[in-house]
Amino acid sequence: MAAASASAFRLLPSSFQSKTHKNYHPTPNSFNLRFPRRHTTLCVSISNTNVRTNPNDLVASLLSKVVQTDGGVLLQKEEHKEVAEVVQELQKYCVKEPVKCPLIFGDWDVVYCSQPTSPGGGYRSAIGRVFFKTKEMVQVVEAPDIVRNKISFTALGFLNGEVSLKGKLKALDSEWIQVVFEAPELKLGSWKAQYGGQSEVKLRITYVDEKIRLGLGSRGSLFVFQRI
């Protein structure tokens, strides 16, 4: 989102006055427009409020657009575009080396992904959502290098389940991280099993503070994490 900018123009009372009028007192922020034929003076007061939108306002705006959207599934194309615009502006305030920032650690709720099926794979596909209703998507980043992902859901409307992954984090540079996950574990009621094999993701941290973290996947997916 572009930085907020505005100029307020206010006509003073009795705008058209004679220069010799005894009550005329031009202010430092005023200028005079003379009209010789009418021998009048227009006094206009200008307040210049060219103030850049601050990170707190951008964070609040972003969260208002993505919270309670089922990770972005409920958003239309134009709304995804609006999210991207706010993210683009917020990224300008990112710390210099986010990978080294201790704020990346903690418990995070995955509140948005520009490709809503990316977190959760088949469970979050159009068909998967018919059978599995997502309750939460959480990522825990533990110092110094552990990442735990968990998706909790209700299967067939009555059976509680979850898929969890544990991975090891590796910093690739000052912004990019790589996480290699072990095979996922599936729980359905009291039954659980491990399936599949290892997986790997790369993510660029583009912003982090006390409330949110932004990530850009190697395939272009945009993630918004909210601290729990």
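Structure first, text after, so check above.
Residues numbered from 1 in each chain as written. Predicted model: local features only at pLDDT ≥ 70, side-chain atom pairs only at ≥ 80, totals over all residues. Heavy atoms only, no water.

A.B. asks: Go over the overall build of the protein chain with me, naming the residues and quoting the values.
C.D. replies: Scanning the protein chain from terminus to terminus reveals 3 helices and 13 strands. A burial count over the protein chain gives 38% of its 228 residues as buried. Long-range pairs, those at least 24 residues apart, make up 53% of the contacts in the protein chain between residues at least 6 apart in sequence. Carbon and sulfur atoms make up 54% of the accessible area of the protein chain, which totals about 13,900 Å². (Helix = DSSP H or I, 4+ residues; strand = E, 2+ residues; numbered from the N terminus. Buried < 20%, exposed > 50% of the residue type's maximum accessible area, 1.4 Å probe, protein only. Contact = heavy atoms within 4.5 Å. Areas by Shrake-Rupley, 256 points an atom, 1.4 Å probe, with all protein chains shown as cover.)

A.B. asks: For the packing of aromatic side chains, give the residues involved together with the corresponding values.
C.D. replies: Taken as a whole and assessed by the stated rule, the structure comprises 2 aromatic pairs. Geometrically, the ring pair formed by Phe 223 and Phe 225 is stacked, given 6.0 Å between the ring centres and 20 degrees between the ring planes. (Phe/Tyr/Trp six-rings, centres within 6.5 Å; stacked < 30°, edge-to-face > 60°.)

A.B. asks: Give a description of the nonpolar core that names residues and reports values.
C.D. replies: Here is a general trend for soluble globular proteins: nonpolar side chains tend to be buried in one another's company. Counting residues in hydrophobic clusters, the biggest one holds 24 residues, and the most contacted among them are Val 147, Phe 153, Leu 169, Ile 177, Val 179, Phe 223 and Phe 225. Taken together, the elements giving at least two residues each to this core come down to β4 (106-113), β5 (132-142), β6 (146-155), β7 (159-171), β8 (176-181), β11 (199-208) and β13 (222-227). In terms of residues, this core owes the most to one element, β6, which gives 4 residues. In contact with Val 179, not counting residues within four places along its chain, are Val 147, Gly 167, Lys 168, Leu 169, Ser 199, Glu 200 and Val 201. Counting 18 residues, the second largest nonpolar core, distinct from the first, contains Leu 62, Val 87, Tyr 112 and Leu 214. (Core = buried A, V, L, I, M, F, W, Y, C linked by side-chain atoms within 4.5 Å.)

A.B. asks: Account for the environment of Ser 199, naming residues and giving values.
C.D. replies: Relative to the helices and strands, Ser 199 resides in strand β11. Separated by 20 residues in sequence, Ser 199 and Val 179 have C-alpha atoms that sit 8.4 Å apart. Sequence-distant contacts of Ser 199, that is, excluding residues within four places in its chain, are made with Leu 165, Val 179, Val 180 and Phe 181.

A.B. asks: Give me the lowdown on the side chain of Asp 145, citing residues and values where you can.
C.D. replies: By secondary structure assignment, the location of Asp 145 is in the loop between β5 and β6. In this structure the side chain of Asp 145 is engaged in a polar contact, spanning 2.6 Å, whose partner is the side chain of Lys 168. In this structure, Asp 145 is in contact with Gly 167, Lys 168 and Leu 169, ignoring residues within four places of it in sequence. (Polar contact = N/O pair within 3.5 Å; in protein donor to acceptor, adjacent residues only side chain to side chain.)

A.B. asks: Go over the environment of Asn 149 with me, naming the residues and quoting the values.
C.D. replies: Structurally, Asn 149 can be placed in strand β6. It is 7.6 Å that separates the C-alpha atoms of Asn 149 and Met 137, two residues lying 12 residues apart in sequence. Once you skip the residues sitting within four places of it in the chain, Asn 149 turns out to touch Val 138, Gln 139, Val 163, Ser 164, Leu 165 and Phe 181. A polar side-chain atom of Asn 149 sits 3.1 Å from a polar atom in the side chain of Gln 139.

A.B. asks: Report on the side chain of Ser 221, specifying residues and quantitative values.
C.D. replies: Relative to the elements of secondary structure, Ser 221 occurs in the loop between β12 (212-217) and β13. Residue classification places Ser 221 among the buried residues on the basis of a relative accessible area of 6%.

A.B. asks: Account for the pattern of salt bridges, naming residues and giving values.
C.D. replies: According to the stated counting rule, one finds 7 salt bridges in the structure shown. Arg 204 is the salt-bridge partner of Glu 175, the closest N and O atoms lying 2.9 Å from each other. Placement of Glu 175 in the loop between β7 and β8 and of Arg 204 in strand β11 is noted, with a sequence separation of 29 residues between them. Using a relative accessible area of 25% as the deciding quantity, one classes Glu 175 as partly exposed. (Salt bridge = Lys/Arg side-chain N within 4 Å of Asp/Glu carboxyl O.)

A.B. asks: Describe in detail a nonpolar patch on the surface, supporting the description with residues and values.
C.D. replies: Where nonpolar side chains cluster on the molecular surface, the patch consists of Ile 127, Val 130, Phe 131, Leu 156 and Phe 158 and spans about 590 Å² of accessible area. Residue position: Leu 156 is located in the loop between β6 and β7. (Patch = residues over 30% accessible without salt bridge, like charges linked within 9 Å, V, L, I, M, F, W, Y side chains within 5 Å.)

A.B. asks: Give me helix α1 (residues 55-66): which residues, what numbers.
C.D. replies: Look at α1: 17 Å from first C-alpha to last across 12 residues, which is about the 16 Å you get at 1.5 Å a residue. Along α1, the positions that sit buried rather than exposed are Leu 58, Val 59, Ser 61, Leu 62, Leu 63 and Val 66. Sitting at the head of α1, Asn 54 places a side-chain oxygen 3.1 Å from the backbone nitrogen of Asn 56. (Expected span 1.5 Å × (residues − 1).)

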